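# Understanding the architecture of this molecule
The lines below spell out each chain.
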Amino acid sequence: MGKIGIFYGPEKGSVGKVAELIANIFGDDHADLILVKDCDAKIINQYDKIIFGISTIGTSNWDSEHTDTDWDVFFTHLPEVEWKNKTVAIYGLGDHINYPEHFVDAIGWLYEKLKPLNANIVGFCDTNEYDFNESEAIVDGKFAGLPLDEDYESEKTEERLTQWINMLQKENGY
Ligand SMILES: Cc1cc2nc3c(=O)[nH]c(=O)nc-3n(C[C@H](O)[C@H](O)[C@H](O)COP(=O)(O)O)c2cc1C
């Protein structure tokens, strides 16, 4: 079985911390950590099982798009990737106290970029474990990935991650 590619950004901070937690759970033999800013289509094409890690850094009035430049460049590579036979799962960092109207929106932004490319997107999560008002990450009543809040619910991260990875392993062959 090929290795899992954990593509994430930004490097420092909560997204990076969780990327390392996930890599440790799978082990070095089973997963590679790759920064989205160092990445291109060729590298993505080496992996059939992919995990994306992103955070939501938005504007308060939401007039403009997100501002995470690591990802802006990465998005331009996505159409060049052969998505057939690839399975993708997304985790997203957010803050449900200060941004309850835009909780983990970036999961939804990434989902919207991947969907038209026919990527097989897995790892959806129920919303009832989370306290928030609105989120662009919701697709058909579920989060299109795993929301994590290291700012105000860090005590829940480990259990949420464990459950999610169990699901990816059992249902999606990770
Ligand atoms: C300027 C700014 C805007 C943010 N906007 C949002 C937001 O719209 N929705 C959300 O869920 N979290 C938002 N957050 C919270 C971050 O997503 C959260 O702190 C996350 O853990 C950051 O991870 P990182 O340091 O790895 O990028 C924002 C944080 C900052 C500093």
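Scroll up to find the structure.
What counts, and where the lines are drawn
- Residues numbered from 1 in each chain as written.
- Predicted model: local features only at pLDDT ≥ 70, side-chain atom pairs only at ≥ 80, totals over all residues.
- Heavy atoms only, no water.
- Near = heavy atom within 4 Å.
- Polar contact = N/O pair within 3.5 Å; in protein donor to acceptor, adjacent residues only side chain to side chain.
- Areas by Shrake-Rupley, 256 points an atom, 1.4 Å probe, with all protein chains shown as cover.
- 1 Å grid on protein atoms, 1.4 Å probe; cavity = no way out; pocket = protein on both sides within 12 Å on 5 of 7 lines; lining within 4 Å.
- Sits in = over half its atoms within 2 Å of the grid points.
- Nonpolar A, V, L, I, M, F, W, Y, C, P; charged D, E, K, R; others polar.
- Helix = DSSP H or I, 4+ residues; strand = E, 2+ residues; numbered from the N terminus.
- Salt bridge = Lys/Arg side-chain N within 4 Å of Asp/Glu carboxyl O.
- Buried < 20%, exposed > 50% of the residue type's maximum accessible area, 1.4 Å probe, protein only.
- Contact = heavy atoms within 4.5 Å.

Moving on, we come to the site of the ligand. What surrounds the ligand is a group of 18 residues, the closest being Val15, Ser55, Thr56, His102 and Asp151. One of the backbone nitrogen or oxygen atoms of Val15 is found 2.8 Å away from an oxygen atom of the ligand. His102 is positioned such that a nitrogen or oxygen atom in its backbone is 2.8 Å from a nitrogen atom of the ligand. Relative to its unbound accessible area of 650 Å², the ligand is 78% covered by the protein chains. Judged by the fraction of its atoms near the pocket grid, the ligand is located in the second largest pocket. Of the residues that constitute the shell around the ligand, the class distribution is eight nonpolar, seven polar and three charged.

With that out of the way, let us pick up unusual backbone geometry. A cis amide bond links Gly9 with the next residue in sequence, Pro10, at an omega value of 5 degrees. Relative to the helices and strands, Pro10 resides in the loop between β1 (4-8) and α1 (14-26). Phi is positive for Asn85, which is not a glycine, with a value near 70 degrees. Within the secondary structure layout, Asn85 lies in the loop between α3 (69-77) and β4 (87-93). For Asn118, which is not glycine, the phi dihedral falls at a positive 65 degrees. With respect to the helices, strands and loops of the structure, Asn118 is situated in the loop between α4 (105-114) and β5 (120-122).

What follows covers the pattern of salt bridges. Between side chains of opposite charge, pairing is possible as soon as their charged atoms come close. All chains considered together, the criterion is met by seven salt bridges. We note a salt bridge from Glu153 to Lys156, for which the minimum N-O separation is 3.6 Å. As a salt-bridge pair, Glu153 and Arg160 come within 2.8 Å of each other at their nearest N and O atoms. Comparing Glu153 with Arg160, the two get one shared label, buried. Each of Glu153, Lys156 and Arg160 takes part in a single network of salt bridges with overlapping partners.

It is worth spelling out the environment of Ile22 at this point. Tracing the backbone through its elements, the reader meets Ile22 in helix α1. Expressed as a C-alpha distance, the spacing of Ile22 and Ile51, which sit 29 residues apart in the sequence, is 9.3 Å.

Further remarks concern the side chain of Ser135. Position of Ser135 among the secondary structure elements: in the loop between β5 and β6 (138-139). From its side chain, Ser135 meets the backbone oxygen of Phe103 in a polar contact 2.5 Å long. A distance of 3.0 Å separates a polar atom in the side chain of Ser135 from the backbone nitrogen of Ala137. Residues within four places of Ser135 in sequence aside, it is in contact with Glu101, Phe103, Val104, Asp105 and Phe143.

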